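Summary of structural features
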Amino acid sequence: MKEEKKQVNRRSFISKSALLGAGLVASPMTFAHEKNSSKKIEGSKAASSPGKRMLGALEVSPIGLGCMSMKSGSYNPPRDKKEMIPVIRGAVDLGVTFFDTAEVYGPFIDEELVGEALAPVREQVVIASKFGFDLTSGQRGGRNSNPAYIRQAVEGMLKRLRTDRIDLLYLHRLDPNVPIEDVAGTVKDLIKEGKALHFGLSEVSPATLRKAHLEQPVAALQSEYSLIQRVLENEVIDTCGELGIGFVPWGPVCRGFLGDKFNEHSRFSSESRLSAVPYFTSEAIKAHMDVLVLVRQWARKKNATPAQISLAWLLAQKPFIVPIPGTTKLHHMKENMGAININFTKSELKEFRNDLEQINLIGVRGPETALIDQ
Ligand SMILES: NC(=O)c1ccc[n+]([C@@H]2O[C@H](COP(=O)([O-])OP(=O)(O)OC[C@H]3O[C@@H](n4cnc5c(N)ncnc54)[C@H](OP(=O)(O)O)[C@@H]3O)[C@@H](O)[C@H]2O)c1
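Looking at an unreviewed UniProt entry, one finds the protein named Aryl-alcohol dehydrogenase-like predicted oxidoreductase and attributed to Saonia flava.

This is the structure we're talking about:
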C-alpha cells in the first residue's frame, strides 16, 4: 500500500514537473499573508515572466538549487564532479534558473563545480554566491568583511564561477568588526563596476537589513526557514515585505528531515554535520516526528510527497519567498520543482498552521534570536 502511494506520488510530480519544464504552468496562488495585506503591495514587484518570482529587482524560478553539499559534502560524502554536473544541468532543463553557492563551501570547490556546470548556459541562469569568512589559509577562518578582502573574494569567485559578474552577491555572516554600511558600500562599488548585479544578506537582524538597504538596495535575505524552524516568520520576513526585499529560505526541507529522509531512530555520527544540530537530538527528532506525520497527511490529501508539501507551504506564505532546497539527486530536484503546482486555500493554510502550532518543538531558535545578527 505504501509503495503504491509512492508510485502515485511519483507519477503525479513527474507530470507536474514536465509541465513546468515546458513553461506551461502559471497557477494562481493563495498567500498566507493576504488577510493582512489590504492594498499594500508587499515584497518585490511582480515578475514579468509567468511562473517566476522576484527577489527585489531580480527575477528567478520559484525554487532554486542549493549546491552546498555537492562537492564539499556537508550532508553526504563528497560527490564526484561527473555525477553532479548532470544534476545542475538537469535542473536547468527542469526550469530552475537560480543556483546557490558560497566560497566557503569546500572552500572554493563547490563554486568551481557550479561554474563549470553552468558555463554553457550562463546567460539563462542566476548565480548567487557568498563572501564573509576568512579563507586565506585555505580553510574556514573567522569572519572577514574588510572591503579589500571582499574585493579579493569577488575576484576569486569570478574566476571559479567562470563569469564576469555575480548575479546575487551575499554577505554570508555579519563581521562584528566592520560596519554594515561599509560592506554595503563596497558591494555598491562592485555593482557600479559590473562585477556584481544584486546585493544579498544572510542571517542578519531586521535592524541590520534596514541599515544595509539604505546604503545599497538589498535584493534578498537568505536565512533558515522551514515548517520546523519558523522563528523568522514575523519581524524578519515582515521587514523584507515592507522594504521590497525577497526572502530565500535555506534548510527548507529541514536538511532532509521533511523529505522523509530520516526519522526518530536515525542517529548521526560525530563527523556528520547533523550531529551538532540542536533540533536533531534524539529527544528533539522524536518530538518533530509529529510535524512529519502532519506533512505526510497533507501529502496524502494533495497527492504529493512530503518534500513537495514542505516547499509548497513555504511558497504559499509570501509571493517573495524562493526556497533553495539542496540536493545531490536529479530525481529529488524534479520532485522539489513539482511543489510549484501544489496550492493551498486560505482555510487549508489556517488548518495547517493551527495543527502545526499544537506541536512542541525542541532545539529550534527562540523568538529573541530573530532580532539578533547571527
Ligand atoms: N546562508 C546560509 O547560511 C546557508 C546555510 C546552509 C545552507 N545554505 C544554502 O541553502 C541550501 C539548502 O539548505 P540545506 O542544504 O542546508 O538544507 P535542505 O535544503 O533543507 O536539505 C538538504 C537535504 O535534503 C535532502 N533532500 C532534498 N530534497 C529532497 C527530497 N525531495 N526528498 C528527500 N530528501 C531531500 C538532500 O539530500 P539528497 O542530496 O539525498 O537529495 C539534502 O541532504 C544549501 O544547499 C546552501 O546552498 C545557506
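**Some remarks on the overall build of the protein**
Of regular secondary structure, the protein possesses 12 helices and 9 strands. Within the protein, the fraction of its 374 residues that count as buried is 47%. Long-range pairs, those at least 24 residues apart, make up 77% of the contacts in the protein with a sequence separation of at least 6.

**Looking at the environment of A102**
Considering the arrangement of structural elements, one finds A102 in the loop between β4 (98-100) and α4 (109-118). Exposure remark for A102: the 26 C-beta atoms within 10 Å place this residue in the buried category. Placed 69 residues apart in sequence, A102 and L171 show a C-alpha to C-alpha distance of 9.7 Å. If sequence neighbours within four positions are ignored, A102 has contacts with S129, K130 and H172.

**Topic: the packing of helix α3 (residues 81-93) against α4**
For the pair α3 and α4, interaxial distance at closest approach is 9 Å and the crossing angle is 55°. Between α3 and α4, the angle falls in the class oblique. The two elements α3 and α4 cross, and the hand of that crossing is right-handed. Residues K81, M84, I85, I88 and R89 of α3 lie in contact with α4, whose contacting residues are L113, V114, E116, A117 and L118. Broken down by class, the residue content of the contact of α3 with α4 amounts to 7 nonpolar, no polar and 3 charged.

**Examining unusual backbone geometry**
For the bond from G106 to P107, the omega torsion is -5°, close enough to zero to count as cis. You can see P107 is positioned in the loop between β4 and α4. Notably, R162 is not glycine yet its phi reads approximately 55°, a positive angle. Considering the arrangement of structural elements, one finds R162 in the loop between α5 (147-160) and β6 (166-171). For R162, a count of 17 C-beta atoms within 10 Å gives the class partly exposed. For C254, which is not a glycine, the phi torsion comes out positive at approximately 50°. Within the element layout of this structure, C254 appears in the loop between β9 (246-250) and α9 (282-302).

**Section: the sheet that holds β9**
Read from one edge of the open sheet, 7 strands run β3-β4-β5-β6-β7-β8-β9, paired in parallel fashion. Each edge of the open sheet carries a strand with a single partner, namely β3 (65-66) and β9. Relative to strand β8 (residues 218-224), strand β7 (residues 196-202) runs parallel, the two being bridged by 4 bridges. Bridge pairing links G200 to A220 in β8. Lying over the sheet, α5 contacts β5 (126-131), β6 and β7, oriented at roughly 140° with respect to β5.

**Details of the site of the ligand**
Close to the ligand lie 29 residues; G66, W250, G259, A307 and G326 are nearest. A per-element tally of the shell around the ligand places helix α11 (residues 330-337) first, with 3 residues. Broken down by class, the residue content of the shell around the ligand amounts to 10 nonpolar, 13 polar and 6 charged.

**Some details on the nonpolar core**
Ranked by internal contacts, the top residues of the largest apolar core, which has 101 residues, are I88 and F99. Ranked by residues supplied to this core, first place goes to helix α10 (residues 306-317) with 8 residues. When neighbours within four sequence positions are excluded, F99 is seen to be in contact with G64, L65, C67, I88, V114, L118, V125, I127 and A128.

**Side note on helix α7 (residues 206-215)**
Of the residues making up α7, those classed as buried are P206, T208, L209, A212 and H213. Viewed end-on, α7 has its buried residues packed into an arc of 155°, placing them on one side of the element. Those residues of α7 that are buried are in contact with α6 (180-192), β7, β8 and α8 (235-243).

Thresholds applied
Residues numbered from 1 in each chain as written. Predicted model: local features only at pLDDT ≥ 70, side-chain atom pairs only at ≥ 80, totals over all residues. Helix = DSSP H or I, 4+ residues; strand = E, 2+ residues; numbered from the N terminus. Buried ≥ 20, exposed ≤ 12 C-beta atoms within 10 Å, placed from the backbone. Contact = placed C-beta atoms within 7 Å. Axes fitted to C-alpha atoms, helices over the stretch in contact; angles between N-to-C directions. Parallel < 35°, antiparallel > 145°, perpendicular 65-115°, else oblique. Left-handed = near helix turned anticlockwise from the far one by under 90°. Nonpolar A, V, L, I, M, F, W, Y, C, P; charged D, E, K, R; others polar. Pairing = 2+ DSSP bridges. Near = placed C-beta within 6 Å. Core = buried A, V, L, I, M, F, W, Y, C linked by C-beta atoms within 7 Å. Arc of directions from axis to C-beta.

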